[in-house]
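Chain by chain, the residues:
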Amino acid sequence: MSLDSETSASGRDWFFPSPSFFRSSSSQNGRRFYLNSKSHSPPSSSRPPGIRHRRRVKFPRTTSPTSEKPQISDTKKVVDKPSANSNLILLSQFRCQFALVTLTIVFLLLLMLRKTQLESQVNKLQGEILSLNLRLLACHKLDTLNVTSFTAQDADPCSREDFKRNLALFFSFTLLFIPLIIFNYVDYVSKSRSSDNLSEQVSLNKQIAYRVDVFLSVYPYAKPLVLLVATLLLIFLGGLALFGVTTEDLAHCLWLSWTYVADSGNHASSEGIGPRLVAVSISFGGMLIFAMMLGLVSDAISEKFDSLRKGKSEVVEQNHTLILGWSDKLGSLLNQLAIANESLGGGTVVVMAERDKEEMELDIAKMEFNFKGTSVICRSGSPLILADLKKVSVSKARAIIVLAEDGNADQSDARALRTVLSLTGVKEGLRGHIVVELSDLDNEVLVKLVGGDLVETVVAHDVIGRLMIQCARQPGLAQIWEDILGFENCEFYIKRWPQLDGMQFEDVLISFPAAIPCGIKVASYGGKIILNPDDSYVLQEGDEVLVIAEDDDTYAPASLPKVWRGGLPKDFVYPKSPERILFCGWRRDMEDMIMVLDASLAHGSELWMFNDVPEKEREKKLTDGGLDINRLENISQVNREGNAVIRRHLESLPLESFDSILILADESVEDSAIQADSRSLATLLLIRDIQAKRLPYVAMASQAQGGSFKGSWIGEMKQASDKTVIISEILDPRTKNLLSMSKISDYVLSNELVSMALAMVAEDRQINDVLEELFAEEGNEMHIRQADLYVCEGEELSFYEIMLRARQRREIVIGYRFANAERAVINPPAKNDRRKWSLMDVFVVITEKE
């Protein structure tokens, strides 16, 4: 026998190099050794003596090209063996399981056949017994054949009924075993396919399980539907099994199966081994089904409560105010909106921010102010996602307020811009307008370009800066702005009054006993609002009147009163003299504040800037902001470098010589309102202490000079000196309340004013044009005037008469403050009542900027 034939005869023959391999020629392949196998071992006569049986392993030779072929074939065999063995194992397992199921079914069939035979024999014997009993009990002779035929006819339906019951029992058991057979067959097919292919494949079981998982996850009602199908299947199979082991009809058996599923205790009345086994099986399946049902119900309830707790449910509201975002201004904003809705019996305010709903509700509860019937609803979501905007009924809101985030100004404005883009992308459209709070004036144009006519902007940083300058030059103006911007006292309203058509503005001015007209919304100019118009302007059809009133339903025009105009006691000469102002700290809009000061101060004024920004860097920042220092006409800039919270740095400044000191929220700490307020408060205390110690050296000079404000309420409110007014910028309204209560500073401006402006514009977007003009560099503004400009000492006049006298200088008097009073009165009642005025009183007017 040749070497090749022996190699092909056994797939498990291995070749080792023979001992003479190293001595033989290259053509010799090696000595061959055989395993103990009958089919492959050569005859004993041909076996060389002295050779023991070993395993044969064939090593490839690199010198002979013919030795590579056996190596490749052996590699294939090694790779194919595990797959073939696994296929054999799977096939054997499947055959065993199939055989077991087949034997079980055959066993059940034999049992049922045996049962059928026994029942037929029992029925036959019962028929014979019945016929014999009938013969014995009969009083007359009966035909035996008739009885026998009757018995046979009676036995036939019993046998058919038994066949039906056995068939039902067999069918129910078969349906129980079919899923097991299918599962095992699918498992065998998937494993056999994956073993035939050497590459990694997903088994069919995993694919089916994945499809089922996707079905249960995608469709919300998949789990209840599967549970319903399982319940109906259990009832059907249980009913068939009961029909096979009892004598009841099929409908009654299905009903019994349902009772066993619904209540596991109902099977206690079952009698017999078969009915009890079936009843226990059905009750056990019912317990599993109802356990899964309770789990689904519990999960659904928990998920619903969790969505309510996290603010995921939809808000079904109309004509509500929607606030997007969260900041320190939210408390003041909610308070103002609640006051504004008080006359309507309350309203609805929805707040959506990227915070947890419970945290938002807890923070709002800590604010401790009266909502006055207004309900505040919190939802967690992002204003950049349309689905979240739809969740808060954004298309049905009457006003949408976008709050600026605390932190970097550019990032906050960029987010506000993206929010406006999301709002304009709402498919249903917006019913109300959008009020956007911005941090930088340079970004206002871009936001208006994106939002179009829907957007009204309020630049918080710019508003506070301009108000600080106004209040620094006119002490007491901060309190007046708080009264006008807030809804607690008087505010701006615009309304159409047809009965005033054809009347001049001078007559309209004294036509409202409970309001003060300030301007006209001219219909012929496209609805443009004109503040402080000429007395000769005649109201046309469609014109509306801008007034300052307590509420929109508290005023109405009345008949014209008889008012004596009179003349002014003296000509008005604006006391414009050079001033010295100190800025402590650095703001982002410093160049804007400097330009406003240069336009309002007298020639020769000085602006001292004291902060820790190096002088060269200051010039670069001002130049980058668009300010040319060399082109300043009225002020000269003096730079001092130092830290405003270090006493020795402040003592190097002539603090007693400044007319006004503005303590700014420094740019380095404006991201944190608490830190910025702490810094401002420390600077305020240090300046007041230094001024108090220097006061005796300047008090006599101050008294000798006197002044128009000496002894008036303005002079009493000046801090630490008869000459210096200190204005502190406070970001957190809570810090402002603490300062007001402790009397540390009488002039405090905070973000609360911005919240008031946002609430006012949200209630009526037309008011934004009025506020922009009052805050702008040109147009009209509020001023505080001395009483000697309108009345003489001891003169008795009504408020209407003072209003008409002020019209001679084209001013609108909106309020006054007595010399001994703490607060000013805006829109006073009883305007036609006459009283004596003191020269120490002051009047609040709206007039054109000088």
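Remember, predicted model here, so these are calculated numbers, not experimental data.

1. Brief notes about the overall build of the protein
Now for step 1: In terms of regular secondary structure, the protein is built from 24 helices and 22 strands.
Now for step 2: Across the 850 residues that make up the protein, the buried fraction comes to 43%.
Now for step 3: For the protein, the share of sequence-separated contacts (at least 6 apart) that also reach a separation of at least 24 residues comes to 75%.
Now for step 4: Total accessible area on the protein is roughly 45,100 Å²; 57% of this is exposed by carbon and sulfur atoms.

2. What to know about the environment of Ile646
Now for step 1: Positionally, Ile646 belongs in the loop between strand 13 (635-641) and helix 18 (647-650).
Now for step 2: When its relative accessible area of 28% is taken as the criterion, Ile646 is described as partly exposed.
Now for step 3: Along the primary structure Ile646 and Ala682 are separated by 36 residues, whereas in three dimensions their C-alpha atoms are 9.1 Å apart.

3. A look at the pairing of strand 13
Now for step 1: As judged from the seven bridges shared by strand 12 (residues 605-611) and strand 13, these two strands associate in the parallel manner. What sits directly across from Glu606, in strand 13, is Ser636.
Now for step 2: For the segment spanning strand 12, helix 17 (residues 615-624) and strand 13, crossover handedness is right-handed.

4. Description of empty space enclosed by the protein
Now for step 1: Going through the model one piece at a time under the given rule, you end up with two cavities of 30 Å³ or more.
Now for step 2: Space inside the largest cavity adds up to approximately 40 Å³.
Now for step 3: Taken together, Cys584, Gly585, Ala644, Ile663, Leu664, Asp666, Arg679, Ser680 and Thr683 form the lining of the largest cavity.
Now for step 4: Examining the composition of the lining of the largest cavity, we find that three residues originate from one element, helix 19 (residues 673-705), more than from any other.
Now for step 5: For the lining of the largest cavity, a count of residues per class yields four nonpolar, three polar and two charged.
Now for step 6: If you add up the space inside the second largest cavity, you get close to 30 Å³.
Now for step 7: Considered class by class, the residues forming the lining of the second largest cavity number three nonpolar, three polar and three charged.

5. What about the sheet that holds strand 10 (residues 544-549)?
Now for step 1: Spatially, the four strands line up as an open sheet ordered 7-10-8-9, and their pairing is antiparallel. Every other strand in the sheet has two partners, leaving strand 7 (491-496) and strand 9 (528-531) as the edge strands with one partner each. Within the sheet, the average angular offset between the axes of one strand and its neighbour, ignoring direction, is 35°.
Now for step 2: In terms of strand pairing, strand 8 (residues 515-522) meets strand 10 through six bridges, oriented antiparallel. Bridge assignment links Gly519 to a residue of strand 10, and that residue is Leu546.
Now for step 3: Helix 23 (residues 767-775) contacts strand 7, strand 9 and strand 10 of the sheet and is inclined by roughly 130° relative to strand 7.

6. Concerning unusual backbone geometry
Now for step 1: You will see that Ser393, though not glycine, has its phi angle at about 55°, which is positive.
Now for step 2: Assignment of secondary structure puts Ser393 in the loop between helix 10 (386-391) and strand 4 (399-402).
Now for step 3: In this model, Asn827 sits at a positive phi of 55°, which is unusual for a non-glycine residue.
Now for step 4: On the secondary structure map, Asn827 appears in the loop between strand 20 (825-826) and strand 21 (834-836).
Now for step 5: Residue Asn827 is classed as buried on the basis of its relative accessible area, which comes to 9%.

7. Points about the sheet that holds strand 17 (residues 780-786)
Now for step 1: Taken together, four strands build an open sheet; the order of strands is 17-22-19-20 and the sheet is antiparallel. Single-partner strands in this sheet number two, and they are strand 17 and strand 20.
Now for step 2: Bridge analysis of strand 19 (residues 812-817) against strand 20 gives two bridges, and the strand direction is antiparallel. Across the sheet, the residue bridging to Gly815 is Ile826, located in strand 20.
Now for step 3: Most of the contacts of helix 14 (residues 477-485) go to strand 17, to which it runs at about 130°, and overall it touches strand 17, strand 19, strand 20 and strand 22 (842-848).
Now for step 4: Along the sheet, helix 24 (residues 799-806) contacts strand 19 and strand 22; its crossing angle with strand 19, the most-contacted strand, is approximately 130°.

8. A few points about the packing of aromatic side chains
Now for step 1: Under the criterion given, the structure shown has 11 aromatic pairs.
Now for step 2: On the basis of an interplanar angle of 55° and a centroid distance of 6.0 Å, the ring pair of Phe799 and Tyr816 is categorised as tilted. Remark: Tyr816 occurs in strand 19 and Phe799 occurs in helix 24; sequence separation between them is 17 residues.
Now for step 3: Measuring from centroid to centroid gives 6.0 Å for Phe818 and Trp837, while their planes differ by 45°, and the two rings are tilted. One end of the pair, Phe818, is in the loop between strand 19 and strand 20; the other, Trp837, is in the loop between strand 21 and strand 22, and 19 residues separate them in sequence.
Now for step 4: Its relative accessible area of 24% is what places Phe818 among the partly exposed residues.

What counts and how
- Residues numbered from 1 in each chain as written.
- Predicted model: local features only at pLDDT ≥ 70, side-chain atom pairs only at ≥ 80, totals over all residues.
- Heavy atoms only, no water.
- Helix = DSSP H or I, 4+ residues; strand = E, 2+ residues; numbered from the N terminus.
- Buried < 20%, exposed > 50% of the residue type's maximum accessible area, 1.4 Å probe, protein only.
- Contact = heavy atoms within 4.5 Å.
- Areas by Shrake-Rupley, 256 points an atom, 1.4 Å probe, with all protein chains shown as cover.
- Pairing = 2+ DSSP bridges.
- Right-handed = clockwise from strand over helix to strand, strands pointing away.
- 1 Å grid on protein atoms, 1.4 Å probe; cavity = no way out; pocket = protein on both sides within 12 Å on 5 of 7 lines; lining within 4 Å.
- Points joined across faces, edges and corners; volume = space filled by probe spheres on them.
- Nonpolar A, V, L, I, M, F, W, Y, C, P; charged D, E, K, R; others polar.
- Axes fitted to C-alpha atoms, helices over the stretch in contact; angles between N-to-C directions.
- Phe/Tyr/Trp six-rings, centres within 6.5 Å; stacked < 30°, edge-to-face > 60°.

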